[in-house]
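Descriptive analysis of the structure
Chain by chain, the residues:
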Amino acid sequence: MDAVIVTGGSSGLGAAVVDAVGKAGGRPLVIDRQAPADGVEWIECDLADTRAAEAATRELIARAGGSLDGVVTAAGFDVPGALRDVPGDVWDRIVAVDLLATAAVIRAALPALEASHGGVVTISSTLGIKAVSDATAYCAAKFGVVGFTRALAAELAGTVGVTLIIPGGMRTKFFDERDERYKPGPDAVLNDPANVAEAILFALRQPAGSAVRELVIAAERESSYP
């Protein structure tokens, strides 16, 4: 494994993936609005601008010499609230970053991934397989990632490995800016993002002819299904 593009690689799960790829001897390349860890090559990009996301992907592939082994679409955010209360532009942005940018980055990376017989790992959520109140945008996006990834796996079978990761709650800054009522309680069971990153690395390192299609990864006491 060499070059791997990671969206949202400056924090949370994305940063854990960058760390795991680097420790495995790979070359993480980040697309994000914030700078990743020192020494990690990156392009500043607002992933809600999907055409800019495509351009950033092509630029990073060019910097890697035209070769790419993997893409991990770890970028994501949410602003919970009732549909009537979340401003339309915020609702649209959640779907754009969490779903549309996933497709845009992968679309731009496909020629290089097909040439290397590389791998794609998309990140949904347990809220992509179960629905809760006050999360219409996030559920719409993450349910969309599930459908998109399953269709993509069928489309690219035999040419690019495609894996859907469905993580449960993780100990990241994902919840920090929320209203208190939407934050995990003090007794919440959350997983270490490094554990999820290791599973992502496992999917990317499958040998030719083998693919991990879907993984649900959660803290062992979390109930992940409806």
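Residues numbered from 1 in each chain as written. Predicted model: local features only at pLDDT ≥ 70, side-chain atom pairs only at ≥ 80, totals over all residues. Heavy atoms only, no water.

Labelled according to an unreviewed UniProt entry, the chain appears under the name NAD(P)-dependent dehydrogenase (Short-subunit alcohol dehydrogenase family), originating from Catenuloplanes atrovinosus.

**As for the overall build of the chain**
Secondary structure summary: the chain contains five helices and seven strands in total. Beginning at the N terminus, the succession of helices and strands in the chain can be written as β-α-β-β-α-β-α-β-α-β-α-β. The C-alpha radius of gyration of the chain comes to 16 Å, within 12% of the 17 Å expected for a compact globule of 226 residues. Dimensions of the chain along its principal axes, counting C-alpha atoms only, are 45 × 35 × 35 Å. Going through the 226 residues of the chain one by one, you find that 50% of them count as buried. (Helix = DSSP H or I, 4+ residues; strand = E, 2+ residues; numbered from the N terminus. Rg over C-alpha atoms; globule rule 2.2 N^0.38 Å. Buried < 20%, exposed > 50% of the residue type's maximum accessible area, 1.4 Å probe, protein only.)

**Quick word on helix α5 (residues 193-204)**
For α5, with 12 residues, the first-to-last C-alpha span of 17 Å sits near the 16 Å given by 1.5 Å per residue. The opening residue of α5, the one whose side-chain oxygen lies 2.9 Å from the backbone nitrogen of Ala 194, is Asp 192. (Expected span 1.5 Å × (residues − 1). Polar contact = N/O pair within 3.5 Å; in protein donor to acceptor, adjacent residues only side chain to side chain.)

**Overview of the sheet that holds strand β2 (residues 27-32)**
The seven strands are arranged β3-β2-β1-β4-β5-β6-β7 in an open sheet whose pairing can be described as parallel. Pairing within the sheet leaves two strands with one partner each, and these edge strands are β3 (41-44) and β7 (214-217). Taking the axes of each pair of neighbouring strands and ignoring which way they run, one obtains an average angle of 15° across the sheet. Bridging between β2 and β3 involves four bridges; their strand directions are parallel. Counterpart to Val 30 in the pairing with β3 is Trp 42. (Pairing = 2+ DSSP bridges. Axes fitted to C-alpha atoms, helices over the stretch in contact; angles between N-to-C directions.)

**Quick word on the nonpolar core**
Core analysis: the largest hydrophobic core is formed by 29 residues, its most contacted members being Ile 5, Ile 31, Leu 47, Leu 68, Val 71 and Leu 113. At the level of secondary structure, the elements contributing two or more residues to this core comprise β1 (3-7), β2, α2 (50-63), α3 (88-116) and α4 (136-155). Among the elements that make up this core, the one with the highest residue count is α3 (eight residues). The residues touching Val 71, leaving out its near neighbours within four places in the chain, are Val 4, Ile 5, Val 105, Ile 106, Ala 109, Leu 113, Gly 119, Val 120 and Val 121. Formed by 25 residues, the second largest nonpolar core is a distinct cluster that contains Val 4, Ile 123, Ile 165 and Met 170. (Core = buried A, V, L, I, M, F, W, Y, C linked by side-chain atoms within 4.5 Å. Contact = heavy atoms within 4.5 Å.)

**Comments concerning the pattern of salt bridges**
Close approach of charged atoms lets side chains of opposite charge pair. Counted under the stated rule, the structure contains eight salt bridges. Its salt-bridge partner being Glu 214, residue Arg 150 comes within 2.6 Å of it at the nearest N-O pair. Pair noted here: Arg 150 is in helix α4 and Glu 214 is in strand β7, with a separation of 64 residues, a long-range link. What makes Glu 214 partly exposed here is its relative accessible area of 35%. (Salt bridge = Lys/Arg side-chain N within 4 Å of Asp/Glu carboxyl O.)

**A closer look at the packing of α2 against α3**
In the contact formed by α2 and α3, the axes pass within 8 Å of each other and the chain directions differ by 35°. Along this stretch, α2 crosses α3, giving a crossing that reads as right-handed. In this structure, α2 uses Thr 50, Arg 51, Ala 53, Glu 54, Thr 57, Arg 58 and Ile 61 to contact α3, whose residues at the interface are Leu 100, Ala 101, Ala 104, Val 105, Arg 107, Ala 108, Ala 109 and Ala 112. (Left-handed = near helix turned anticlockwise from the far one by under 90°.)

**Quick notes on the environment of Leu 156**
Here Leu 156 lies in the loop between α4 and β6 (161-167). In this structure Leu 156 comes out as buried when scored by relative accessible area, which is 4%. Here the alpha-carbon distance between Leu 156 and Glu 114, two residues 42 residues apart in the chain, equals 8.8 Å. Filtering out sequence-adjacent residues up to four positions away, Leu 156 remains in contact with Leu 110, Glu 114 and Val 162.

**Looking at helix α1 (residues 12-23)**
Helix length check: α1 (12 residues) gives 17 Å between terminal C-alpha atoms against 16 Å at 1.5 Å per residue, within 8%. Residues of α1 that are buried include every one of Leu 13, Gly 14, Ala 16, Val 17, Val 18, Ala 20 and Val 21, and no others. Elements that come into contact with the buried residues of α1 comprise β1, β2, β4 (70-73), β5 (119-123) and α5. Gly 25 occupies a position one or two residues after α1 and carries a positive phi of about 90°.

**A look at the packing of α1 against α5**
Remark: α1 packs on α5, axes separated minimally by 8 Å, with the N-to-C direction vectors making an angle of 55°. Looking at the two axes, α1 sits oblique to α5. The interaxial crossing formed by α1 with α5 has right-handed handedness. Facing Gly 12, Leu 13, Ala 16, Val 17, Ala 20 and Val 21 of α1, the residues of α5 in contact are Pro 193, Ala 194, Val 196, Ala 197, Glu 198, Ile 200 and Leu 201. Looking at side-chain class alone, the contact of α1 with α5 contains 11 nonpolar, one polar and one charged residues. (Parallel < 35°, antiparallel > 145°, perpendicular 65-115°, else oblique. Nonpolar A, V, L, I, M, F, W, Y, C, P; charged D, E, K, R; others polar.)

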